[in-house]
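# Observations on chain architecture
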Amino acid sequence: MIAKVEPLVSARALRGPFDYRLPERLGAVEVGSLLLVPFGPRRLLGVVVGVAERSDVPAERLVEPLAALERGVPPELVSLALWVAEAYCSTPARALGLVMPPGTGRGERPRVRERRRLSAALTETGRAALATAECSRTPADPLSAPPSPRLGARQRAALAALAEGPRTAAELARASGCGHASLRALEAHGLVELANERVGRRPAPPARVGALVRPGREPTGAQRAALATVVAALDASADAPAEGRRLLLHGVTGSGKTEVYLDGVAAALARGRGAIVLVPEIALTPQTLGRFRERFGDAVAVLHSRLPPGERLDEWERLRAGDARVCVGPRSAVFAPVRDLGLIVVDEEHDASYKQEGDPRYDARRVAERRAAQSAAVLVVGTATPRPESWARLRRLSLPERVDERALPPVETVSTLGLEPGAAGLQARAHEALLEVRRRGEKAIVLLNRRGWSSFLTCLTCARVWECPNCDVTLVLHRAAARVECHHCGHAEGVPAACPDCGSVSVARHGAGTERLEHELSELLDPLPVTRLDADATAAPGALAERLAAFGVAPAGVLLGTQMVAKGHDFPDVTLAVVLDADATLRFPDFRAEERTFALVAQLAGRSGRGPRGGRVIVQALEPEARALRFAAAHDAEGFVRSELERRRLLGYPPFAQLVRIVCLARERGPEARAASAVAERVANELGVTAGGFGVTGGARGALGPLGGAAGFEGSAVLGPAPLFRLKGRERAQVVVKASEVTAAVPAVRRAVEAVAAERAAREVAFAVDVDPH
């Protein structure tokens, strides 16, 4: 038999799989088995991606694997990983790394091992010996039993302790002082039985955050209809069209989407199938995990990158063994080894954090769709602010009203143009509303999507601006840490007392972030507590859940932060939501800017008014009549999506085209490294675009027509190459392909990148290919 093995290496140029002859000594080897193989002068870990009777390579040239590891990868996850590699222009090895058992390591010995515990139980022989006044012989077989050694005081104390029931070795050591060597001696004489048991490492119970789902609540008619559709999809034949099992649950904030998820998971479990529940960020895992554990108990496992390695391995093993049937976690949980998968839920599907930043740059929403199709499972993506791509492609279910028939909060937009900001940057309406919250002892959420104290510093004498020496961005002032920092590479300096260029002490601070706003709101609303939620305040492990839990149990207060505060939190006693500088994201050079602005404002607006007191929302913006803000103020997600789809159709953006972004990054640091731009030019040329076309530098350089000779790849264009701002001291340039024919875009880009990467001039450049960039 021949094993086709993909070695786990990072090199993009490596072309596998490679054939290895399987000896009988390795036992059963199948797809997903992990083998230690010789690879040239090295010993590498590899994944079996296929098994064959024979090889095209002559038998005398084949070598045997060195060893087979005990753990492996489920075959369906191997298939999924190979699809990820192909769909996202990555390598099989990098994609297979996504599905490996946690703590596998690079060699034969795993980095993380099972935790085991030695325990002891008294045998009948030991019980008789303990009961005998003289422990010189054992009565098990008087004719043939050898004399038993006399027991020491510690051994006798250990037997006495075991007479009350089995104990662990650690407990016996504390109770009697009997160590492992003495226990082994007792075992050798048949007085005790020892067992080396596996000990499961379980994550600590999550902190209770926000409102839990109230059991016994009568579902609304819309919830019943949505659940009926999910159950019908679960019961549909595996041969039924996959489109009927891909569902978009569009429900306004507070409409009870979580109850539909819970009941859908219950229906899947009742049919003997498992489920995966994805949340956009680890920050939301404790809240969602608490709700699902309250309903399904130990059948729920959690997987995410911040778990200790041992806990992550044991949760993975529980899922693979079928001891846990439901997995909750962020995007990486889409690769969880859930058995007999029947349902995948993607909560808050609009969130950009479902897109992986590192290679492979997969989108968990698309991977979830692929995995559901592989398993004939049902996919339910839920949100109050659907993505245009999902709206156009998926079958829609609607939850148009909040539970308990509560109205959505009224939204008031306030213009900041030409007005002097009041305390803490608040205009009069927001200022008065927050003071009213303090007077009435209520809760409010304030969103400012900018952290730090001030956005940048300037010298009022010579106009110097403090910039990062590694990146083409300004340094942000963090007053509590007494430094200015780069939010891209982490470079930090002390706060300047004077300008190093001219010596002036007139250093001005511009803009305001959440750190400054926290300070000013604390003074304005004293004694109302202000809880800050941003990347700086929640850097410590567990800090985010602790802050959310503290805000949840407080009788009154203000939750202030970046976009973290808008991500699905359910606090029924919040009566006011305030968005500052709401249209800042509209000024980003991104075709998704309007979509993101709408989602951010609409999601934060949905945090208010979920309780009996009702609520209100105030949105401050330079242009309050901007399209995204108008639709968000009206809680009109459908109107916005339809408008956005028409705009994208006219401009040729997703879902009417596919974008592939190729970033060329110079390996050498320093401003003189110009290799990235030259190589980006080569990539554009390799894609089949002439120097003519539109002829706009840094703009559209391609013309409609075939691209790179790919059959059927029509109506496409290449944008760029265009320079990007310097990052971590390295020059960058990008080329963007806009393709009307999706299936041909990625192969064409792959061929172009691989051809250029093989050239000598490209040795100093790294490539990052991003399919469907966000």
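### A short note on the overall build of the protein chain
Of the regular secondary structure elements, the protein chain holds 20 helices and 30 strands. Reported as C-alpha extents along the three principal axes, the dimensions of the protein chain are approximately 105 × 75 × 65 Å. The buried share of the protein chain, taken over its 774 residues, is 52%. A fraction of 73% describes how many contacts in the protein chain between residues 6 or more apart in sequence connect residues 24 or more apart. Counting only carbon and sulfur atoms, one obtains 51% of the accessible surface of the protein chain, whose full area is about 34,200 Å².

### Some points on the confidence of the model for the protein chain
When pLDDT is averaged along the protein chain, the result is 85, and 91% of the positions lie at 70 or above. Here residues 133-147 is modelled with pLDDT under 50, and outside its nearest four sequence neighbours on either side it reaches 19 contacts, counting other chains as well. The model gives residues 689-714 a pLDDT under 50, and that stretch makes 61 contacts with residues more than four places away or in other chains.

### A few points about the nonpolar core
Proteins that are soluble and globular tend to have nonpolar side chains buried together. Counting 110 residues, the largest nonpolar core has V367, I662, V749 and F767 as the members making the most contacts within it. No other element matches helix α1 (residues 75-87), which puts 8 residues into this core. Ignoring anything within four residues of it in the chain, the contact list for V749 reads C89, V660, I662, L687, V737 and V769. Within the second largest apolar cluster, 28 residues are counted, among which are L247, A268, F296 and V326.

### Regarding the side chain of S90
Its location among the elements puts S90 in the loop between α1 and α2 (92-96). Within polar-contact distance, the side chain of S90 engages the side chain of D359 at 2.7 Å. Beyond its immediate stretch of four places on either side in the chain, S90 contacts R12, A85, D359, P360 and R750.

### Thoughts on the pattern of salt bridges
Tallying each qualifying case throughout the model produces 46 salt bridges. For K355, the salt bridge identified is with D770, shortest N-O distance 2.5 Å. Here D770 lies in strand β30 (residues 765-771) and K355 lies in the loop between β13 (341-347) and α11 (364-375), a separation of 415 residues in the sequence. Here E485 and R483 are joined by a salt bridge, their closest N and O atoms 2.3 Å apart. The class for E485 is buried, based on a relative accessible area of 12%.

### Section: the sheet that holds strand β11 (residues 300-302)
Spatially, 7 strands are ordered β11-β12-β10-β13-β14-β9-β15 in an open sheet, and the strand pairing comes out parallel. Edge positions in the sheet fall to β11 and β15 (395-399), since each of these pairs with one other strand and no more. Looking at each pair of strands side by side, their axes are set apart by 20 degrees on average, direction ignored. Inspection of the sheet shows β11 paired to strand β12 (residues 326-329) by 3 bridges, in the parallel sense. Of the residues in β12, the one forming a bridge with V302 is V328. This element, α11, spans β9 (246-251), β10 (274-278), β13 and β14 (378-383) of the sheet and lies at about 165 degrees to β13.

### Some points on the environment of G72
Looking at the secondary structure, you find G72 in strand β5 (residues 67-72). Between the C-alpha atom of G72 and that of V112, which follows or precedes it by 40 residues, the distance is 14 Å. Once residues within four sequence positions are removed from consideration, G72 is found in contact with G32, L34, P101, W316 and R320.

### Some details on the packing of aromatic side chains
In the structure shown here, the tally under the stated rule is 8 aromatic pairs. When the ring of F551 is compared with that of F571, the centres are 5.1 Å apart and the planes differ by 85 degrees; the resulting orientation is edge-to-face. In this pair, F551 is assigned in helix α15 (residues 543-553) and F571 in the loop between β24 (557-561) and β25 (574-579), connecting sequence segments 20 residues apart. Here F551 falls in the buried class, since its relative accessible area comes to 2%. Ring centres 4.6 Å apart and planes at 0 degrees place the aromatic pair F591 and Y653 in the stacked group. Of this pair, F591 sits in the loop between β25 and α16 (593-605) while Y653 sits in the loop between α18 (637-651) and β27 (658-666), and the two are 62 residues apart along the sequence. The exposure class of F591 is buried, given its relative accessible area of 13%. An aromatic cluster is built from F598, F631 and F640, whose rings are joined through pairwise contacts.

### Describing helix α7 (residues 221-235)
Counted at 1.5 Å a residue, the expected span for α7 with its 15 residues is 21 Å, and the 21 Å between its end C-alpha atoms agrees. By the burial criterion, the buried members of α7 are Q223, A226, T229, V230, A233 and L234. Projection of α7 onto a plane perpendicular to its axis shows the buried side chains occupying an angular sector of 140 degrees, all on one side. Here the buried face of α7 lies against β9, α8 (257-270), β13, β14 and β15.

### Side note on unusual backbone geometry
The step from P654 to P655 runs through a cis peptide bond, and the omega angle for that step is 10 degrees. Along the chain, G720 connects to P721 via a cis peptide bond; the corresponding omega equals 10 degrees. Phi at D340 takes a positive value of approximately 50 degrees, unusual for a residue other than glycine. When its relative accessible area of 51% is taken as the criterion, D340 is described as exposed. Despite not being glycine, H635 shows a phi value in the positive range, around 55 degrees. You can see H635 is positioned in the loop between α17 (627-633) and α18.

About the thresholds
Residues numbered from 1 in each chain as written. Predicted model: local features only at pLDDT ≥ 70, side-chain atom pairs only at ≥ 80, totals over all residues. Heavy atoms only, no water. Helix = DSSP H or I, 4+ residues; strand = E, 2+ residues; numbered from the N terminus. Buried < 20%, exposed > 50% of the residue type's maximum accessible area, 1.4 Å probe, protein only. Contact = heavy atoms within 4.5 Å. Areas by Shrake-Rupley, 256 points an atom, 1.4 Å probe, with all protein chains shown as cover. pLDDT = per-residue confidence, 0-100. Core = buried A, V, L, I, M, F, W, Y, C linked by side-chain atoms within 4.5 Å. Polar contact = N/O pair within 3.5 Å; in protein donor to acceptor, adjacent residues only side chain to side chain. Salt bridge = Lys/Arg side-chain N within 4 Å of Asp/Glu carboxyl O. Pairing = 2+ DSSP bridges. Axes fitted to C-alpha atoms, helices over the stretch in contact; angles between N-to-C directions. Phe/Tyr/Trp six-rings, centres within 6.5 Å; stacked < 30°, edge-to-face > 60°. Expected span 1.5 Å × (residues − 1). Arc of directions from axis to C-beta.

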